[in-house]
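Understanding the architecture of this molecule
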Amino acid sequence: MGEHWTVKADMIIAPQHAVVDSVYDAVRAAVLQLLRAGGIRSDSSAGPVYFVLHDVAEEGRARELTSALHAALHGNLAPFARAMPTAS
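A short tour of the structure in this document, coming up. It should be emphasised that the depicted structure is a prediction, and the values quoted were computed from it without experimental measurement. (Residues numbered from 1 in each chain as written. Predicted model: local features only at pLDDT ≥ 70, side-chain atom pairs only at ≥ 80, totals over all residues. Heavy atoms only, no water.)

Once that is clear, we can look at helix 2 (residues 59-73). With 15 residues, helix 2 extends 21 Å from end C-alpha to end C-alpha; this agrees with the ideal 21 Å at 1.5 Å per step. The complete set of buried residues in helix 2 reads Ala62, Leu65, Ala68, Leu69, Ala71, Ala72 and Leu73. Turning to helix 2, the residues buried within the fold contact strand 1 (5-10), helix 1 (21-37), strand 3 (50-56) and helix 3 (78-83). Directly after helix 2, the chain includes Gly75, whose backbone phi takes a positive value near 95°. (Helix = DSSP H or I, 4+ residues; strand = E, 2+ residues; numbered from the N terminus. Expected span 1.5 Å × (residues − 1). Buried < 20%, exposed > 50% of the residue type's maximum accessible area, 1.4 Å probe, protein only. Contact = heavy atoms within 4.5 Å.)

Next comes the structure, spelled out in structure tokens:
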């Protein structure tokens, strides 16, 4: 995407892996927070089977969000919470 990055997680290819509702809700809230902060594009998606964060400005940030999303989808929300922008 030019100089910007996209973070994706596709749950369709792992049908045996179910994301619990509380995790889905937390990821969805985080995606909305990123949208409000201007950290991702408005056509980003928060699941439930396909997660995509468009237009992440830096590779390091994209890697941080990718790692945090992977951890969240496996039940560890701490990295995702740390990766969220803080209110100013």
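Structure's up, so let's keep going.
A few words on the nonpolar core. Among the nonpolar cores identified, the biggest contains 22 residues, and Val27, Leu65, Leu69 and Phe80 are the most heavily contacted of them. For this core, the elements supplying multiple residues, two or more each, are strand 1, helix 1, strand 3, helix 2 and helix 3. Here the element with the most residues in this core is helix 2; it accounts for six residues. If we skip the residues at most four places from it in the chain, Leu69 touches Val7, Ala9, Val27, Phe51 and Phe80. (Core = buried A, V, L, I, M, F, W, Y, C linked by side-chain atoms within 4.5 Å.)

What follows deals with the environment of Phe51. You can see Phe51 is positioned in strand 3. Among the residues examined, Phe51 registers a relative accessible area of 1% and is labelled buried. Distance in space between the C-alpha atoms of Phe51 and Leu69 is 8.8 Å, their sequence separation being 18 residues. Ignoring any residue separated from it by four or fewer positions in sequence, one finds Phe51 in contact with Val7, Lys8, Ala9, Met11, Tyr24, Val27, Ser45, Ala46, Leu69 and Leu73.

In this model, the largest pocket occupies a volume close to 160 Å³. For the lining of the largest pocket, the elements supplying multiple residues, two or more each, are strand 1 and helix 2. Here the residues of the lining of the largest pocket sort into six nonpolar, four polar and two charged. (1 Å grid on protein atoms, 1.4 Å probe; cavity = no way out; pocket = protein on both sides within 12 Å on 5 of 7 lines; lining within 4 Å. Points joined across faces, edges and corners; volume = space filled by probe spheres on them. Nonpolar A, V, L, I, M, F, W, Y, C, P; charged D, E, K, R; others polar.)

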